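Single-letter residue listing:
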Amino acid sequence: MSPLEPFGTRLRRAMDERGPLCVGIDPHASLLSEWGLNDDVAGLERFSRTVVEAVADRVAVMKPQSAFFERFGSRGIAVLERVVEEARAAGTLVVMDAKRGDIGSTMAGYAEAFLSKDAPLFSDALTVSPYLGYGSLSPAVALARESGAGLFVLALTSNPEGPEVQHAVRADGRTVGATVLAHLAAENAGEEPLGSFGAVVGATVGDLSSYDLGINGPLLAPGVGAQGATAADLPTVFGAAVRNVVPNVSRGVLRHGPDVGALRAAAERFAGEIRDVVAGR
């Protein structure tokens, strides 16, 4: 398999061509029920592959949540493999939302599962947790560089439990979240047009003016849509870094299924709103 261009290069191009929208694939039981599907492997497959059919040829990024596939065991993982393959074949970039974090050979194993080019679940990027120490991510960083993939590292998340760790102040006076951002800025130094190592920063976390979001990498921003944030909020939250924001919308799009046309219309509406805001229109 020929080497891929770096993830940051491919992402910048996709964002410029398709708009910077990420559509989540979150087949949890309540959404399956809303679609009139059973909470089983057949329902999982129908749901997930319908979302791919609807939007994979028109959005920059899709983000399957691994947990909702893993709960069905090996048959669920088989569905996830097909979803990743079909989404990438349609031209969208796939960010695997697995939030893996461990040390040494175990972290290397997680990296090989999602970032090795020959792996059945190879994805363009992987979400990871740095809270065993940023250095614990080294195997994933190295393999991502080798394979042309990327990482999205949890930095300033929107869940209410996050601040007790992420806003904690280190002995040097810097918060843990700021430390993660600084590590990512170092990973991306000198990369053009965009580095491949991004941060997860919630669109609902409020004032981030005390944080330097200029990491020369993408900022995956959950929270737009059902969680309360809107496209219009993005410049206020992200400031000068807004051009590198990849807002994730899940339920705001998915609730329009199972009608393919309605899913497409919802995705295109969000993409248009975000594109206009980023362009300052």
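Please refer to the structure placed before this passage.
How each quantity is defined
Residues numbered from 1 in each chain as written. Predicted model: local features only at pLDDT ≥ 70, side-chain atom pairs only at ≥ 80, totals over all residues. Heavy atoms only, no water. Helix = DSSP H or I, 4+ residues; strand = E, 2+ residues; numbered from the N terminus. Contact = heavy atoms within 4.5 Å. Axes fitted to C-alpha atoms, helices over the stretch in contact; angles between N-to-C directions. Parallel < 35°, antiparallel > 145°, perpendicular 65-115°, else oblique. Nonpolar A, V, L, I, M, F, W, Y, C, P; charged D, E, K, R; others polar. Left-handed = near helix turned anticlockwise from the far one by under 90°. Buried < 20%, exposed > 50% of the residue type's maximum accessible area, 1.4 Å probe, protein only. Expected span 1.5 Å × (residues − 1). Polar contact = N/O pair within 3.5 Å; in protein donor to acceptor, adjacent residues only side chain to side chain. Pairing = 2+ DSSP bridges. Salt bridge = Lys/Arg side-chain N within 4 Å of Asp/Glu carboxyl O. Phe/Tyr/Trp six-rings, centres within 6.5 Å; stacked < 30°, edge-to-face > 60°.

**A few points about the side chain of S48**
Line of reasoning, step 1. When you line up the elements, S48 lands in helix 3 (residues 41-55).
Line of reasoning, step 2. The residues touching S48, leaving out its near neighbours within four places in the chain, are I25, P27, F69 and V83.

**Overview of the packing of helix 3 against helix 5 (residues 73-89)**
Line of reasoning, step 1. Taken N-terminus to C-terminus, the directions of helix 3 and helix 5 make an angle of 10 degrees; their axes are 10 Å apart at the nearest point. Relative to helix 5, helix 3 is oriented roughly parallel. Contacts between helix 3 and helix 5 involve V41, L44, E45, S48, R49 and V52 from the former and R75, G76, V79, R82, V83, E86 and A87 from the latter.
Line of reasoning, step 2. Looking at side-chain class alone, the contact of helix 3 with helix 5 contains six nonpolar, two polar and five charged residues.

**Concerning the packing of helix 3 against helix 12 (residues 260-278)**
Axes are the key here: two packed helices are described by the angle between their axes and the distance separating the axes.
Line of reasoning, step 1. Running from N to C, helix 3 and helix 12 point in directions that differ by 60 degrees, and their axes come no closer than 8 Å. Comparing the axis directions of helix 3 and helix 12 gives the class oblique. For the crossing formed where helix 3 meets helix 12, the hand is right-handed. Contacts between helix 3 and helix 12 involve T50, E53, A54 and V55 from the first element and V260, L263, R264 and A267 from the second.
Line of reasoning, step 2. Here the contact of helix 3 with helix 12 is built from residues that sort into five nonpolar, one polar and two charged.

**Observations concerning unusual backbone geometry**
Line of reasoning, step 1. For the bond running from E192 to P193, omega is 0 degrees, close enough to zero to count as cis.
Line of reasoning, step 2. G257 connects to P258 through a cis peptide bond whose omega is 10 degrees.
Line of reasoning, step 3. With respect to the helices, strands and loops of the structure, P258 is situated in the loop between helix 11 (251-254) and helix 12.
Line of reasoning, step 4. For K99, which is not glycine, the phi torsion reads 50 degrees and is therefore positive.
Line of reasoning, step 5. Along the chain, K99 turns up in strand 3 (residues 93-100).
Line of reasoning, step 6. K99 sits in the partly exposed class, given a relative accessible area of 40%.

**Quick notes on helix 3**
Line of reasoning, step 1. The end-to-end C-alpha distance of helix 3 is 21 Å, a good match for the 21 Å that 15 residues give at a rise of 1.5 Å each.
Line of reasoning, step 2. Listing the buried residues of helix 3 in full gives V41, G43, L44, F47, S48, T50, V51, V52, A54 and V55.
Line of reasoning, step 3. Its side-chain oxygen at 3.3 Å from the backbone nitrogen of A42, D40 defines the N-terminal cap of helix 3.

**Concerning the pairing of strand 7 (residues 219-222)**
Line of reasoning, step 1. Sheet topology places strand 6 (residues 197-201) next to strand 7; two bridges connect them, and they run parallel. Looking at the pairing, A199 lines up with L219 of strand 7.

**A look at the pattern of salt bridges**
For side chains of opposite charge, pairing can occur when their charged atoms come near one another.
Line of reasoning, step 1. As enumerated under the stated definition, the model contains 17 salt bridges in all.
Line of reasoning, step 2. Taking the shortest distance from any N to any O, the salt bridge between D39 and R71 comes out at 2.6 Å. Linking D39 in the loop between helix 2 (29-34) and helix 3 with R71 in the loop between helix 4 (66-70) and helix 5, this pair joins segments that are 32 residues apart in sequence.
Line of reasoning, step 3. By relative accessible area, which is 41% here, D39 ends up partly exposed.
Line of reasoning, step 4. Across the salt bridge formed by D97 and K63, the nearest N and O atoms sit 2.8 Å from each other. A residue pair is termed long-range when its members are at least 10 positions apart, and D97 in strand 3 and K63 in strand 2 (residues 61-64) qualify at 34 residues.
Line of reasoning, step 5. Three or more residues joined by partner-sharing salt bridges are found here, namely E45, R49, R82 and E86.

**Thoughts on the packing of aromatic side chains**
Line of reasoning, step 1. Under the counting rule described, the total for this entry stands at two aromatic pairs.
Line of reasoning, step 2. Aromatic pair F7 and F152: ring centres 6.0 Å apart, planes at 90 degrees, arrangement edge-to-face. Of this pair, F7 sits in helix 1 (residues 7-18) while F152 sits in strand 5 (residues 150-156), and the two are 145 residues apart along the sequence.
Line of reasoning, step 3. A relative accessible area of 1% places F152 in the buried class.
Line of reasoning, step 4. With a centroid separation of 4.2 Å and an interplanar angle of 40 degrees, the aromatic rings of W35 and F47 are classed as tilted.

None of the figures reported here should be taken as evidence of function without further support.
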